[in-house]
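Spelled out from the first residue to the last, the chains are:
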Amino acid sequence: RSPDRRRAILDAALRCFVEQGYAATTIDDILRGSGASVGSVYHHFGAKEGIAAALHLEALGDYQAGLLAVLDAARDAQSGIRAIPVYHLDWVRAHPQQARFLFAERPPEVEQASSEAQREMNRRTFGRVRAWLEREAEAGALRRVPHGLFYVILLGPSQELSRLWLAGRLRVDLRLAQRELGEAAWAALRA
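1. Some remarks on the pattern of salt bridges
For step 1, the next point in the chain: All chains considered together, the criterion is met by 12 salt bridges.
For step 2, the next point in the chain: Notably, a salt bridge pairs Arg32 with Asp29, separated by 2.5 Å at the nearest N-O pair. Placement of both Arg32 and Asp29 in helix H2 (residues 27-34) is noted, with a separation of three residues, approximately one turn of the helix.
For step 3, the next point in the chain: Taking the shortest distance from any N to any O, the salt bridge between Arg128 and Asp72 comes out at 2.7 Å. In this pair, Arg128 is assigned in helix H7 (residues 108-138) and Asp72 in helix H4 (residues 48-73), connecting sequence segments 56 residues apart.
For step 4, the next point in the chain: For Arg128, a relative accessible area of 40% corresponds to the partly exposed category.
For step 5, the next point in the chain: Among the charged side chains, a network of salt bridges with common partners joins Arg7, Asp11 and Glu58.

Encoded structure:
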């Protein structure tokens with residue numbers, strides 16, 4: 001029952017945060033949406049920023065796990081680079097609420113509540129990505145670009161498309177966009 005209650009709280013909070021915004025959402029809103037008691041919310045999360053931090057880390061963890069699975073399945077640099085924008089847009093399409101929340105700016109108290117765990121998650125994920133990139137660059141398949149710039153080149157267009165699509169400001173076939181953005185990423189990063 002406790003994991004079910006925790007899930008209900010997270011689901012209700014996600015709906016509220018996406019529909020109303022973090023600042024406008026109250027614990028009472030989350031209680032109404034989840035059917036949980038105040039004690040249950042505070043037992044599982046401590047406060048509203050704890051709920052938001054848990055949602056952020058859950059979405060980020062899911063996204064990063066999928067990203068690493070794409071790299072693990074890549075047979076070469078070209079298939080890996082082309083697959084990452086495809087994965088990104090697939091994840092956004094499959095998880096629109098989590099994507100809206102993950103891509104939103106986090107208030108300082110949420111940032112603080114999630115920063116240590118996020119640093120560790122990013123360290124592991126970026127370390128594995130960096131090792132993959134280094135192998136492919138050593139093999140002569142990829143250009144060497146600064147690590148931070150690599151993500152901008154690889155995912156910047158997909159991220160911007162995701163934001164516009166999630167906001168309803170751009171109507172585009174994401175499957176067509178996946179192919180085009182995968183090609184563009186490969187053209188920009190191949191050796």
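2. Thoughts on empty space enclosed by the protein
For step 1, the next point in the chain: Under the definition given, this model contains one cavity of 30 Å³ or more.
For step 2, the next point in the chain: One number sums up the size of the largest cavity: a volume of about 30 Å³.
For step 3, the next point in the chain: Lining the largest cavity are Leu67, Leu71, Ile84, Val129, Phe150, Tyr151, Leu154 and Leu155.
For step 4, the next point in the chain: Broken down by secondary-structure element, the contributors of at least two residues to the lining of the largest cavity are H4 and helix H8 (147-166).

What counts, and at which threshold
Residues numbered from 1 in each chain as written. Predicted model: local features only at pLDDT ≥ 70, side-chain atom pairs only at ≥ 80, totals over all residues. Heavy atoms only, no water. Salt bridge = Lys/Arg side-chain N within 4 Å of Asp/Glu carboxyl O. Helix = DSSP H or I, 4+ residues; strand = E, 2+ residues; numbered from the N terminus. Buried < 20%, exposed > 50% of the residue type's maximum accessible area, 1.4 Å probe, protein only. 1 Å grid on protein atoms, 1.4 Å probe; cavity = no way out; pocket = protein on both sides within 12 Å on 5 of 7 lines; lining within 4 Å. Points joined across faces, edges and corners; volume = space filled by probe spheres on them.

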